[in-house]
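# Secondary and tertiary structure notes
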Amino acid sequence: MSKKIEVLSDQAALIARSLELILSKLETAILLRGRFTIALSGGSTPKPLYEAIANQKLPWDKIHVFWGDERYVPSDHPDSNELMARRAWLDRVDIPATNIHPTPTLDGDPAVSAAKYEKHLQEFFQATPGEFPSLDVILLGMGDDAHTASLFPHTEALKVSDRLITVGNKDTSQRITFTYPFINAARCVMFVVAGANKRPALAQVFAPNASDFTYPSRLIQPQGELWWLLDAAAGSELKQR
Ligand SMILES: O=C(O)[C@H](O)[C@@H](O)[C@H](O)[C@H](O)COP(=O)(O)O
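Calculation notes
- Within each chain, residue numbers correspond to sequence positions counted from 1 in written order.
- Reporting in this predicted model follows two pLDDT cut-offs: at least 70 for local features of residues, and 80 or more for side-chain atom pairs to be given and counted; totals over whole chains, interfaces and linings ignore these cut-offs and use all residues.
- Side-chain figures throughout are based on the complete set of non-hydrogen atoms in the structure, without hydrogens or water.
- Put simply, a salt bridge is a Lys or Arg side-chain nitrogen that is within 4 Å of an Asp or Glu carboxyl oxygen.
- The classification of residues rests on relative accessible area computed with a 1.4 Å probe and restricted to protein chains. Under 20% of the type maximum is buried, over 50% is exposed, and intermediate values are partly exposed.
- Classification of ring pairs uses Phe, Tyr and Trp, with its six-membered ring standing for Trp, and accepts pairs whose centres are within 6.5 Å; under 30 degrees between planes counts as stacked, over 60 as edge-to-face, and the remaining range as tilted.
- Helical segments are the DSSP runs of H or I of at least four residues, strand segments are the runs of E of at least two, and each set is numbered from the N terminus.
- A pair of strands is considered paired only if DSSP assigns at least 2 bridges between the two.
- To define axes, lines are fitted to C-alpha atoms, for helices over the stretch in contact only, and angles between the resulting N-to-C directions are given on a 0 to 180 degree scale.
- UniProt positions are given in the numbering used here, feature names are shortened, and annotations may be inferred rather than shown by experiment.

### Focus: the pattern of salt bridges
- Using the criterion set out here, one finds 15 salt bridges in the structure.
- The residue K159 makes a salt bridge to E156 at a minimum N-O spacing of 2.9 Å. Across the pair, E156 and K159 agree in class, each one exposed.
- Residues D162 and R163 are paired through a salt bridge, measuring 3.3 Å at the closest nitrogen-oxygen approach.

### Some details on the packing of aromatic side chains
- Counting across every chain of the model gives eight aromatic pairs.
- Ring centres 6.3 Å apart and planes at 55° place the aromatic pair W60 and W89 in the tilted group. Here the residue W60 occupies a position in the loop between helix 2 (47-54) and strand 3 (63-67), and W89 occupies one in the loop between helix 3 (81-88) and helix 4 (110-125), the gap between them amounting to 29 residues.
- On the accessibility criterion, W89 (2% relative accessible area) is buried.
- Between F191 and W228, the ring centres sit 3.7 Å apart and the planes meet at 5°, which makes this aromatic pair stacked. Of the two residues, F191 is situated in strand 8 (residues 188-193) and W228 in strand 9 (residues 225-231); the sequence distance between them amounts to 37 residues.

### Digging into the sheet that holds strand 7 (residues 173-178)
- The strand order 4-7-6 describes an open sheet built from three strands, whose pairing is antiparallel. In this open sheet, the two edge strands, each paired with only one partner strand, are strand 4 (69-71) and strand 6 (165-170). Direction aside, the axes of adjacent strands within the sheet are offset by 25° on average.
- Sheet topology places strand 4 next to strand 7; three bridges connect them, and they run antiparallel. Bridge pairing links D69 to T177 in strand 7.

### Observations concerning the UniProt feature "domain: Glucosamine/galactosamine-6-phosphate isomerase" (unreviewed entry) in the chain
- Look at the UniProt record and you will see "domain: Glucosamine/galactosamine-6-phosphate isomerase" (unreviewed entry) annotated at residues 10-228.
- End C-alpha atoms of residues 10-228 are separated by 14 Å, and the span's content is 31% helix alongside 18% strand.

In structure tokens:
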């Protein structure tokens with residue numbers, strides 16, 4: 001694993017650098033494999049990044065979009081990560097509908113939806129049961145409790161290591177999430193983190209000894225590239241590398 005930390009001056013610079021890195025991975029993936037696969041994160045930080053991607057001239061037919069986690073709500077619900085990404089990006093570009101792979105959230109049972117998404121991913125990547133296919137890029141945010149995707153501290157989702165997709169819980173709200181081993185199978189994992197409120201969590205994530213169960217972002221140790229892209233408000237105390 002190669003781990004890189006970059007601290008950018010402000011949120012605009014963070015978004016510009018994140019876009020630059022994604023475009024570079026996209027170009028390489030399409031050159032080598034004829035397609036680019038990316039999983040999106042939710043929350044507020046990535047919205048301007050999705051808007052910036054939508055302004056690019058890209059081979060949309062070669063780009064496939066997944067979600068690293070999703071709230072267990074319909075896709076027209078204001079909390080939906082899919083809705084945010086469609087409004088900021090996907091509805092604004094000429095990407096084929098079949099290239100958009102939303103998380104199922106209408107089965108009435110998150111476990112059923114998680115299994116359905118897992119089956120879809122296995123079929124898309126032609127993966128055998130037990131195999132963890134590699135996406136080109138998995139975008140992640142980090143909460144101020146050091147959660148990532150919907151892998152929240154002290155939850156059962158952190159113990160799931162034999163599946164691609166599982167059910168996450170944030171208090172009473174249910175989520176569908178990539179598991180940490182599936183995230184770690186990616187060619188490139190990019191954390192995009194902004195805001196001073198993330199400092200304490202980052203200190204624990206980068207501490208030599210701390211509990212992975214308490215600070216789940218510590219579990220993200222991909223075999224490929226790991227990028228931490230931070231704005232100065234979040235990361236100025238961390239040593240860049
Ligand atoms: O569904 C979600 O909410 C996200 O996937 C979640 O993991 C998010 O990335 C973090 O909570 C950071 O959110 P902010 O970017 O809003 O701080």
